[in-house]
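Tertiary structure, described
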Amino acid sequence: MTQYPGRAIISVDALRENLAAARTHLSGQRLLAVVKADAYGHGVLAAARAFLDAGADYLGVAELREALDLSAALGATRTVPIFSWIFDDTVDFREAAAAGIEVSVGATWVLDRLEDLPAGAGIPVHIGVDTGMAREGFAPADVPAAASRLAALEARGTVRVVGLWSHLACADDPARPEATARQVELFEEARRDVRAAGIHPDVEHLAASSGVLWHPEALFSMVRPGIILYGLSPNPAVATAAELGIRPAMRVEAPIIADRWVKDGTGVSYGHTAHATGRTHLGIVPLGYADGIPRAASNRCEVSIRGQRAPIIGRVCMDQFVVRLPENARPGEMATLFGSGSSGEPTADEWAERIGTIGYEIITRIGPRVPRVYEGA
Ligand SMILES: *Cc1c(COP(=O)(O)O)cnc(C)c1O
């Protein structure tokens, strides 16, 4: 059978072990495993199953559409709620509730829509508060009014307020502790406002990965880690994945499909942004920017072949790129773009550092045409 030459190999053991490592930072808080964006590119169904196996208390995806698809795919095997916080006015709250999905309420139009629903609809919701991200959620000053509308909705059984949540903006920045302290303070105020309205959410959640790692004061009763479950550090300058006791679960690799020797001065790939220096052994790696390999990696990043580094020469193309091969490397040998780093290969964090982005972007961009292959039970 002809296969797609590149692949992303996902270690299910690493996913499970990373969740256990995240737990070591907790003292009884519930853990919502964030599996948005196809589980950061790892494949949402397999990742969700791995995290459920490892004892996740909740699953979280950004888009309600993703939540509905995940709910259907997991079927009866799922025992935990799915939390979702992005949807537009095509939202069908009853469809979501019937699928075991809990949604965020953080804007007035959402309250308006909920008020159109009949008594007894029982939609489970989490109140979203903007404590300092200027992104989703009610402004703190609007929380009392929103809470009183929700209390009325709860009294007639239209909603069940199961959660209160917000998101930290600077938790990965050791130079900005005051920003997180302020968000924690505003979150506590929102909690008081909500309780004063007679609402008692079951879960209160503020911290994502950097909060889990670096802000024990922000853990409340549930946490929402994503990136550390996939084995990358939210900020490698503060602590690398290895220092955090986690390991990258994704390895991206492709075989060298052709090689050639070129003479000194040969221009390589579009625009000849690189030239061979001396007689040079080049190889073709059949993955390109359409697969999520950043074009910014042109002339910057390296792959690993047989444990030796091979630099990308010239521009990354749509479906392939060229590397300078080790002398004795041959077609058919595997090039590892990034992985756990345990065999000397680059990590996604190394790629990110070299092109000025974050590891999150490297792993989530790996495109849908790259097959995911799962390793480990
Ligand atoms: C993405 C996201 C998370 C997870 O963030 P990480 O930094 O990957 O841990 C948690 N909560 C919300 C609201 C998010 O958007």
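This report concerns the structure included in the present document. Sequence order sets the numbering: in each chain, residues are counted from 1 along the sequence as written. Thresholds applied to this predicted model are a pLDDT of at least 70 for local features of residues and 80 or more for the giving and counting of side-chain atom pairs; totals over whole chains, interfaces and linings are not thresholded and use all residues. Each side-chain value is derived from all of the structure's non-hydrogen atoms; neither hydrogens nor water enter the calculation.

A few words now on the overall build of the protein chain. Looking only at helices and strands, one finds 12 helices and 19 strands in the protein chain. Expressed along its principal axes, the backbone C-alpha trace of the protein chain runs to roughly 80 × 50 × 40 Å. Each residue is assigned to one of three classes by its accessible area relative to the maximum for its type, calculated with a 1.4 Å probe on protein chains only: buried under 20%, partly exposed between the two thresholds, exposed over 50%. A buried classification covers 53% of the 377 residues belonging to the protein chain. Residues count as neighbours in contact if any of their non-hydrogen atoms are within 4.5 Å of one another. Considering only intrachain contacts with a sequence separation of at least 6, the fraction spanning at least 24 residues in the protein chain is 65%. Reported accessibility uses the Shrake-Rupley method at a 1.4 Å probe radius. Residues are deemed covered only where the shown protein chains occlude them. For the protein chain, the exposed surface amounts to about 15,800 Å²; the carbon and sulfur share of it is 51%. Positive and negative side-chain charges in the protein chain, numbering 36 and 45 respectively, have mean positions lying 6 Å apart. Working definition: helices are DSSP H or I runs of at least four residues, strands are E runs of at least two. Numbering for both runs from the N terminus. Charge assignment in this entry is limited to Lys and Arg as positive and Asp and Glu as negative, and neither His nor the chain termini are counted. To locate a charge, the coordinates of NZ of Lys, CZ of Arg, CG of Asp or CD of Glu are taken.

With that settled, the discussion passes to the pattern of salt bridges. Should a side-chain nitrogen of Lys or Arg be within 4 Å of a carboxyl oxygen of Asp or Glu, the pair is scored as a salt bridge. With the rule as written, the count across this model stands at 24 salt bridges. D13 serves as the salt-bridge partner of R16, at 3.1 Å between the closest nitrogen and oxygen. Within this pair, R16 and its partner D13 are both found in helix 1 (residues 12–23), separated by three residues, close to a single helical turn. Judged by its relative accessible area of 22%, R16 is partly exposed. Overall, the relative accessible area of 28% leaves D13 in the partly exposed class. One salt bridge in this structure joins R369 and D291, with 2.6 Å as the shortest N-O distance. Here R369 is found in the loop between helix 12 (359–364) and strand 19 (372–375), whereas its partner D291 is found in the loop between strand 14 (280–285) and strand 15 (302–305), with 78 residues between them in sequence.

On to the packing of helix 6 (residues 108–115) against helix 7 (residues 143–155), then. Two quantities define a packed helix pair, namely the angle between the axes and the distance from one axis to the other. The angle between two axes is taken between their N-to-C directions and runs from 0 to 180 degrees, where each axis is a line fitted to C-alpha atoms and a helix contributes only its stretch in contact. Running from N to C, helix 6 and helix 7 point in directions that differ by 20°, and their axes come no closer than 11 Å. With respect to each other, helix 6 and helix 7 are oriented roughly parallel. Crossing of helix 6 over helix 7 shows left-handed handedness. Contacts between helix 6 and helix 7 involve T108, L111, D112, L114 and E115 from the first element and A146, R149, L150 and L153 from the second. Residues were grouped as follows: Ala, Val, Leu, Ile, Met, Phe, Trp, Tyr, Cys and Pro as nonpolar; Asp, Glu, Lys and Arg as charged; and all remaining residues, including Gly, as polar. In the contact of helix 6 with helix 7, the residues fall into five nonpolar, one polar and three charged. Each angle gets one of four labels, with under 35 degrees taken as roughly parallel, over 145 as roughly antiparallel, 65 to 115 as roughly perpendicular, and the rest as oblique. The sense of a crossing depends on the near helix, which, turned anticlockwise from the far helix by less than a right angle, makes the crossing left-handed and, turned clockwise, makes it right-handed.

Looking now at the sheet that holds strand 19. Think of it this way: DSSP has to see at least two bridges between two strands before they count as a pair. Reading across the sheet, the nine strands line up as 11-14-17-16-15-18-10-1-19 and stay open at both edges, with mixed pairing between neighbours. Bordering the open sheet on either side are strand 11 (258–262) and strand 19, each of which pairs with just one other strand. With direction set aside, neighbouring strand axes in the sheet form an average angle of 35°. Note that strand 1 (residues 7–11) and strand 10 (residues 250–255) share four bridges and pair antiparallel.

For the rest of this paragraph, the subject is the site of the ligand. Note on terminology: near, applied to a residue and a molecule or strand, indicates that one of the residue's heavy atoms is within 4 Å of it. The full set close to the ligand counts 14 residues, and K36, Y40, S209, G226 and Y360 are the nearest of them. Any N or O atom pair separated by 3.5 Å or less is treated as a polar contact, with the protein-specific requirement of one donor-capable and one acceptor-capable atom, and with residues adjacent in sequence counted only for side-chain atom pairs. I227 places a main-chain nitrogen or oxygen 2.8 Å from an oxygen atom of the ligand. One of the side-chain nitrogen or oxygen atoms of Y360 is found 2.6 Å away from an oxygen atom of the ligand. For the ligand, whose unbound accessible area comes to 390 Å², protein coverage reaches 93%.

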